[in-house]
Amino acid sequence: MTDRTPPQDVQKAAQRALAWIDEGKAGKGFTDTGRHRAQQLAEGASVPLEDIHKMRQYFARHAVDRDTEGFLQGQDGFPTPGRVAWDAWGGDPGRTWANREKFDDDA
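What about the overall build of the chain?
If you tally the helices and strands in the chain, you get 5 helices and 0 strands. The helix and strand sequence of the chain, counted from the amino end, reads α-α-α-α-α. On C-alpha atoms alone, the chain measures out to a radius of gyration of 13 Å, which is about the 13 Å that the 2.2 N^0.38 rule sets for 107 residues. Dimensions of the chain, computed from the C-alpha atoms along their principal axes, are close to 45 × 30 × 20 Å. The buried share of the chain, reckoned over its 107 residues, is 41%. Long-range contacts, defined as pairs at least 24 residues apart, comprise 72% of the intrachain contacts of the chain with a sequence gap of at least 6. For the chain, the accessible surface area stands at approximately 6200 Å², while carbon and sulfur atoms represent 47% of it.

Description of the environment of T96
The residue T96 is located in helix α5 (residues 91–100) in this model. Residue classification places T96 among the partly exposed residues on the basis of a relative accessible area of 44%.

As for the pattern of salt bridges
Going through the model one piece at a time under the given rule, you end up with 7 salt bridges. Between R66 and D92 there is a salt bridge; the shortest N-O distance is 2.6 Å. Of this pair, R66 sits in the loop between α3 (49–62) and α4 (81–88) while D92 is found in helix α5, placing the two residues 26 residues apart along the sequence. A salt bridge links R83 to D87, with the nearest nitrogen and oxygen atoms 3.1 Å apart. Placement of the pair is R83 and D87 together in helix α4, with a separation of 4 residues, close to one helical turn. When its relative accessible area of 2% is taken as the criterion, D87 is described as buried.

Brief notes about the packing of helix α2 (residues 32–43) against α3
Between α2 and α3, the least distance of the axes is 12 Å, while the angle of their chain directions is 120°. Considering their axes alone, α2 and α3 lie oblique with respect to each other. Note on packing geometry: the crossing formed by α2 with α3 is left-handed. Mapping the contact onto sequence places R37, Q40 and L41 in α2 and D51, K54 and M55 in α3. By residue class, the composition of the contact of α2 with α3 is 2 nonpolar, 1 polar and 3 charged.

A look at the packing of α3 against α4
The N-to-C vectors of α3 and α4 enclose an angle of 155°; their axes lie 11 Å apart at closest approach. The orientation of α3 relative to α4 falls into the category roughly antiparallel. Between α3 and α4 the crossing geometry is left-handed. In this structure, α3 contributes Y58, F59 and H62 to the contact, and α4 contributes G82, A85 and W86. Considered class by class, the residues forming the contact of α3 with α4 number 4 nonpolar, 2 polar and no charged.

The rules we used
- Residues numbered from 1 in each chain as written.
- Predicted model: local features only at pLDDT ≥ 70, side-chain atom pairs only at ≥ 80, totals over all residues.
- Heavy atoms only, no water.
- Helix = DSSP H or I, 4+ residues; strand = E, 2+ residues; numbered from the N terminus.
- Rg over C-alpha atoms; globule rule 2.2 N^0.38 Å.
- Buried < 20%, exposed > 50% of the residue type's maximum accessible area, 1.4 Å probe, protein only.
- Contact = heavy atoms within 4.5 Å.
- Areas by Shrake-Rupley, 256 points an atom, 1.4 Å probe, with all protein chains shown as cover.
- Salt bridge = Lys/Arg side-chain N within 4 Å of Asp/Glu carboxyl O.
- Axes fitted to C-alpha atoms, helices over the stretch in contact; angles between N-to-C directions.
- Parallel < 35°, antiparallel > 145°, perpendicular 65-115°, else oblique.
- Left-handed = near helix turned anticlockwise from the far one by under 90°.
- Nonpolar A, V, L, I, M, F, W, Y, C, P; charged D, E, K, R; others polar.

Here it is as structure tokens:
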């Protein structure tokens, strides 16, 4: 069985997102799915392959969020709701990790 425990930096991004969510920085459009993913990754338990596939899909759809003002620390409005959501899904380390996983449909 393959170990699919999120790397430490993925867990830290999700933990950061949970703190921001508690501070009310997630915005009105933040979903229960995003909250669940953040909790799942922050706990550091093994993640089912299906969920990692969903992570890959999320990052592909939301890469444009990285181009908004306030996405990066030091910018006005940091953290944007998009940044909170991005980190809820594991942040940049989560995207790297999800994209490393192999799926049957990968070429």
